[in-house]
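Letter by letter, the chains look like this.
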Amino acid sequence: MRIENSFIPVDGVGEQTERSLWESGVTHWDAFDPSAVGARQAENIESFVATAAERLDDGDAAFFRERFPSGSHWRCYENFREETCFLDIETTGLDQQRHDVTVVGLHTPGETTALVADRDLTAERLQTHLDDAKLLVTFNGKRFDVPFLESAFGVDVEVPHVDLMYPCRRLGLTGGLKRIERETGIDRDRPDLSGEDAVRLWREYERGDESALETLVSYNRDDTENLRALADRVTDRLDSDVFVARE
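The structure reproduced in this document is the subject of the present report.

Cut-off values and rules
Residues numbered from 1 in each chain as written. Predicted model: local features only at pLDDT ≥ 70, side-chain atom pairs only at ≥ 80, totals over all residues. Heavy atoms only, no water. Helix = DSSP H or I, 4+ residues; strand = E, 2+ residues; numbered from the N terminus. Buried < 20%, exposed > 50% of the residue type's maximum accessible area, 1.4 Å probe, protein only. Contact = heavy atoms within 4.5 Å. Lys, Arg positive; Asp, Glu negative; His and termini not counted. Charge placed at Lys NZ, Arg CZ, Asp CG, Glu CD. Phe/Tyr/Trp six-rings, centres within 6.5 Å; stacked < 30°, edge-to-face > 60°. Expected span 1.5 Å × (residues − 1). Arc of directions from axis to C-beta. Salt bridge = Lys/Arg side-chain N within 4 Å of Asp/Glu carboxyl O. Pairing = 2+ DSSP bridges.

Let's talk about the overall build of the chain
Stage number 1. Within the chain, the secondary structure is distributed over 10 helices and five strands.
Stage number 2. Along the first, second and third principal axes, the C-alpha set of the chain runs to 70 × 35 × 30 Å.
Stage number 3. Sorting the 247 residues of the chain into buried and exposed places 49% on the buried side.
Stage number 4. Taking all contacts inside the chain whose residues are at least 6 apart in sequence as the whole, residues at least 24 apart take part in 64%.
Stage number 5. In the chain, which carries 29 positive and 52 negative side-chain charges, the distance between the mean positions of the two groups comes to 5 Å.

Topic: the packing of aromatic side chains
Stage number 1. The full count for this structure, using the stated rule, is nine aromatic pairs.
Stage number 2. Taken together, a centroid distance of 6.3 Å and an interplanar angle of 20 degrees make the contact between Phe48 and Phe63 stacked. Taken together, the positions of Phe48 in helix H2 (residues 39-57) and Phe63 in helix H3 (residues 61-67) put the pair 15 residues apart, joining distant regions of the chain.
Stage number 3. Aromatic pair Tyr77 and Phe86: ring centres 6.4 Å apart, planes at 80 degrees, arrangement edge-to-face. Neither Tyr77 nor Phe86 differs from the other in exposure class; each is buried.

Some words on helix H9 (residues 195-206)
Stage number 1. In this model H9 runs 17 Å from its N-terminal to its C-terminal C-alpha over 12 residues, within 8% of the 16 Å that 1.5 Å per residue would give.
Stage number 2. Taken residue by residue, H9 has Asp197, Ala198, Leu201, Trp202 and Tyr205 as its buried positions. One side of H9 carries all its buried residues, which in axial view fall inside an arc of 140 degrees.
Stage number 3. Check the buried side of H9 and you find it contacts strand S1 (84-91), strand S2 (101-108), strand S3 (111-116) and helix H10 (210-243).

Things to note about the pattern of salt bridges
Stage number 1. One pass over the structure, following the stated rule, counts 18 salt bridges.
Stage number 2. A salt bridge links Glu210 to Arg119; the nearest nitrogen and oxygen atoms lie 2.9 Å apart. With Glu210 in helix H10 and Arg119 in the loop between S3 and helix H5 (123-132), this pair connects stretches of sequence that are 91 residues apart.
Stage number 3. Each of the salt bridges in this network shares a partner with another, and the network as a whole consists of Lys178, Glu181, Arg188 and Asp223.

A short note on the pairing of S1
Stage number 1. Counted residue by residue, S1 has eight buried out of eight residues, so it is predominantly covered.
Stage number 2. Covered by surrounding structure in S1 are Thr84, Phe86, Asp88 and Glu90 together with Cys85, Leu87, Ile89 and Thr91, the residues of both alternating faces.
Stage number 3. By the bridge criterion, three bridges tie S1 to strand S4 (residues 135-138) in an arrangement that is parallel. What sits directly across from Cys85, in S4, is Leu136.
Stage number 4. Relative to S2, S1 runs antiparallel, the two being bridged by six bridges. Pairing of Asp88 across the sheet is with Gly105, part of S2.

Written out as structure tokens, the structure is:
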């Protein structure tokens, strides 16, 4: 599903109206027929499409962050797939005020970067990676990763943010990332490691064990890169459930 198939960003258009448009054959902005809705809605849709088409051509992802309901940001994935940043962090605990970020993993198609505390993890580097992205994908990132980074580094996320935990729930996939990976057939190199191990490995590294850091970075890389595989699966299933089945 692409942004151009969506009408819910339009003022006064909800999911029911959007579904009615799809069922009547209006499945793309280019196919919109003003007679399919009332005059006021038609005016709103035509105005939105004219602006949104230009913003999409310009790659202005921030525009769609504001216009789409947050629970529908996954619809931006197909358009911005190759410019998506998949992000996962490791910390020394769960409290933003008392604990520290140790590793930030950032995966874009073809490249994975691990920023490590006291080495190359800085607010400037982190913000640069976020600014280069058109879409951010996390798992539980709205409640954990992003607030942690905002508190620790003062970074801003200006692009649409797909927290996969919520679309997974919509599909009946519950639990943590590793459990959902197993349910969806996604493998990882070190399935034996957990978040508790991530804290332990960082402490061992602080005591001088460089191999512990290598293991921690590898663990984080699994988390980060697997987000891409999960996003592919989840958006494909949502596409079938929300859009294709109603064409």
